[in-house]
Amino acid sequence: MRSLPELQRDFVAAALFGDRAALHALGVVSGRLDAAARIAIYRNNVLGNYRKALGATYPVVRRLVGTPSFNTLVDAFVRAYPSRHGDVNRYGGELSRFLAAYAPARELAYLPDVARLEWAIDQANIAADAAPLDLEALARVPDEARGELRFGLHPSAALVASRHPIFRIWQVNQPEPHGDEAVDLTADGDRLLVLRSTQGTTIERLGRGEHALLAALGCGANLSDAADIAAAAEPAFDLAHHLRHHVAAQTIVSFRVRAPANREI
Amino acid sequence: MPAASALGATAGIGLRAPHVALVRRDRPAVGWLEVHSENYFVDGGPALAALEAIRADYPVSLHGVGLSLGSADALDAEHLAKLKRLAARVEPALISEHLCWGRIDGRHMNDLLPLPFTGEALRLCCDRIDAAQAVLGRALLIENISAYMRFDSDAMPEWEFLSSVAERTSCLLLVDVNNIYVNAVNHGFDPHDYLAAIPSEAVAEIHLAGFEDNGACLIDTHGARVAPGVWSLYRAAIARFGPKPTLIEWDTDLPALEVLLDEAATAQAILERSDALVA
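These numbers were taken from a predicted model, which means no experiment stands behind them.

For the rest of this paragraph, the subject is the overall build of chain A. Across its full length, chain A holds 12 helices and 5 strands. Over its C-alpha atoms chain A spans a radius of gyration of 24 Å, topping by over 25% the 18 Å that the globule rule assigns to 265 residues.

Printed below as a string of structure tokens:
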């Protein structure tokens, strides 16, 4: 008799990978349906669940390739990238990486970046809440310590950069009716900020310096270093203007003056 | 373990995302609401805020689909910790999970997969239920699933496996009457034999849902009204167990909220008739 781990391994091999020896080893009671028909019910249920779940996370990817091709690519993705959580909502973050190596979609060079954008949107919707930046506390920071300020971004904030015009691609593939659907695929790439605010989740196009600034702050750089990085990316970068904007928009929601103890070593 | 339920023996509905705004606005007259625990395993955001707002108006039950109590893999401590954190936030009347498995060698199938009814599987499930209840500090309700497969290695019928779990652990039971009906048709047994084997005192909740007949077997789609045969079996279940909190579940092709409320009203009428008989 197969042990429980063996039976469960055989079940996955038979249901997901069509392994006939594994199906035989399962010892399925046939009755009105044979073992192959019974395992097919599970194959359809499991893959159907993932097609639905990933279709909800990646509606634009699905629209770009069409539902039949999307279902085919989801099935291949599921086999290659196992779900690691009992919570299916956490599944699918590696779709972009999968698509980058997925031969049937090679002509859609922008597809992996669109997937990254959709994942960032999906994750922004479930990220932690955060209070706005405490401006009074910030005002009490002495001038000489300002360069040492380390700003923290909202937990939902995600930067998505692409050499393709993915924001336009994303926009014209929304379900609501829209005007001009043309996309110039040779247009410049995008540097995007995905952020959830009280108004919902938004996508904002960033300038070169702004993107460099937020990326540096997001990595824990202090204000002085982040400002240098932004100025290097965009010589005429207006630091004060962009800081004010991202504090007001609640991209920046916290600050500390020193690095945490474990990072000072 | 604390008392099983702050719910009366009333009918509730499964609350799904497309109905949340309407329920918040109209506050329909329904006894309680049940949500999938995993949908609220989030750090923040609008969905969790909406659940907390709804919780102020209705008793809520947390129904899990991903703990995988019957998996040969170790119990997922992170999953359990998230459930515990959610329970502390929502203070649910009930917390339930399924008697099934979903994960092996770290791969999750995110589905409710059938266990062999063996002594080995029974011991494993009981150990995991004990461990999960110890972490949560309260009783879990354990639900019977629809299964499309039985194994040569089965050493007992499903109802013996389920009632043994209730006897060997301090868990309670969530009896899904539709799943009993579906399995009875698909595997050829008398569903009343199943009901007769369940220890009444352990039953804390009942689920009702709709199935689809694909010609070869019944598929538990949660995508239709409760079938007449399932309503009959539900009446038999209430006659045997007494009135119990009863939930209308609908997941596929979700209809208008009114349809769910209408199904819940049917269940409520059966519960009230049963109360009248008892009185």
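On we go from here.
Let us look at helix α7 (residues 111-126) of chain A. Over its 16 residues, α7(A) extends 23 Å from the first C-alpha to the last, a length consistent with the 22 Å expected when each residue adds 1.5 Å. Most of α7(A) is tucked away, with 14 of its 16 residues classed as buried.

Note: strands within a sheet are paired through backbone hydrogen bonds, in either parallel or antiparallel orientation. Residue and element names in this part refer to chain B. Strands sit in the order β1-β2-β3-β4-β7-β8-β9-β12 around a closed barrel of 8 strands; the barrel is parallel. Each neighbouring strand pair of the sheet contributes to a mean axis angle of 30 degrees, computed without reference to strand direction. In the sheet, strand β4 (residues 94-98) pairs with strand β7 (residues 141-143) via 3 bridges, with the strands oriented parallel. Within the sheet, the bridge partner assigned to His 98 lies in β7 and is Glu 143.

Moving on to the interface of chain A and chain B. On the chain B side, the residues contacting the 40 residues of chain A number 41 residues. If you list the elements that add at least two residues to the side of chain A that touches chain B, you get α1 (4-17), α3 (35-57) and α7 of chain A. Of the residues that constitute the side of chain A that touches chain B, the class distribution is 21 nonpolar, 11 polar and 8 charged.

The next point concerns the sheet that holds strand β2 (residues 158-162) of chain A. Residue and element names in this part refer to chain A. Strand order in the open sheet formed by 3 strands is β2-β3-β4, with antiparallel pairing between adjacent strands. The two strands at the open ends of the sheet, each matched to only one other strand, are β2 and β4 (200-205). Within the sheet, the average angular offset between the axes of one strand and its neighbour, ignoring direction, is 20 degrees. Alignment of strand β3 (residues 190-197) against β4, held across 6 bridges, turns out to be antiparallel. Paired with Arg 196 across the two strands is Thr 201, which belongs to β4.

On to the environment of Glu160(B). Secondary-structure assignment places Glu160(B) in helix α5 (residues 158-168). Taking the C-alpha atoms as reference points, Glu160(B) and Trp250(B), separated by 90 residues in sequence, lie 28 Å from one another.

By size, the foremost hydrophobic cluster in this structure holds 148 residues, and its most contacted members are Leu173(B), Val177(B) and Leu208(B). For this core, the element with the most residues is α7(A), which contributes 9 residues. Other than its neighbours up to four places away in sequence, Leu208(B) contacts Val177(B), Asn178(B), Val226(B), Val230(B), Tyr234(B), Thr246(B), Leu247(B), Ile248(B) and Ala267(B).

Residue and element names in this part refer to chain B. Inspection of the secondary structure assignment puts Asn 183 in helix α6 (residues 177-187). Asn 183 gets classed as buried once you count the C-beta atoms within 10 Å, which come to 25. Separated by 36 residues in sequence, Asn 183 and Ala 147 place their C-alpha atoms 6.4 Å apart. Those residues in contact with Asn 183, other than ones at most four positions away along the chain, are Ser 146, Ala 147 and Glu 158.

Residues and elements named next belong to chain B. Relative to the assigned elements, Asp 190 resides in the loop between α6 and α7 (191-197). Overall, Asp 190 belongs to the exposed group, with 9 C-beta atoms counted inside 10 Å. Between the alpha carbons of Asp 190 and Asp 111 there is a distance of 26 Å; along the sequence they are 79 residues apart.

The next thing to look at is the packing of α1(A) against α3(A). All names here are of chain A. Packing of α1 against α3 leaves a shortest axis separation of 8 Å and a crossing angle of 70 degrees. Viewed along their axes, α1 and α3 adopt a mutual orientation that is roughly perpendicular. Along its contact with α1, which presents Ala 14, Ala 15 and Leu 16, the element α3 presents Ile 39, Tyr 42, Arg 43 and Val 46. Residues of the contact of α1 with α3, tallied by class, amount to 6 nonpolar, no polar and 1 charged.

Now for α3(A). For α3(A), which comprises 23 residues, the first-to-last C-alpha distance of 33 Å matches the rise-based estimate of 33 Å (1.5 Å per residue) to within 8%. On its buried face, α3(A) is in contact with α1, α2 (20-26), α5 (67-80), α6 (95-100) and α7 of chain A together with β6 (107-113) of chain B.

Quick notes on the rules
- Residues numbered from 1 in each chain as written.
- Chains lettered and ligands numbered in written order.
- Predicted model: local features only at pLDDT ≥ 70, side-chain atom pairs only at ≥ 80, totals over all residues.
- Helix = DSSP H or I, 4+ residues; strand = E, 2+ residues; numbered from the N terminus.
- Rg over C-alpha atoms; globule rule 2.2 N^0.38 Å.
- Expected span 1.5 Å × (residues − 1).
- Buried ≥ 20, exposed ≤ 12 C-beta atoms within 10 Å, placed from the backbone.
- Pairing = 2+ DSSP bridges.
- Axes fitted to C-alpha atoms, helices over the stretch in contact; angles between N-to-C directions.
- Contact = placed C-beta atoms within 7 Å.
- Nonpolar A, V, L, I, M, F, W, Y, C, P; charged D, E, K, R; others polar.
- Core = buried A, V, L, I, M, F, W, Y, C linked by C-beta atoms within 7 Å.
- Parallel < 35°, antiparallel > 145°, perpendicular 65-115°, else oblique.

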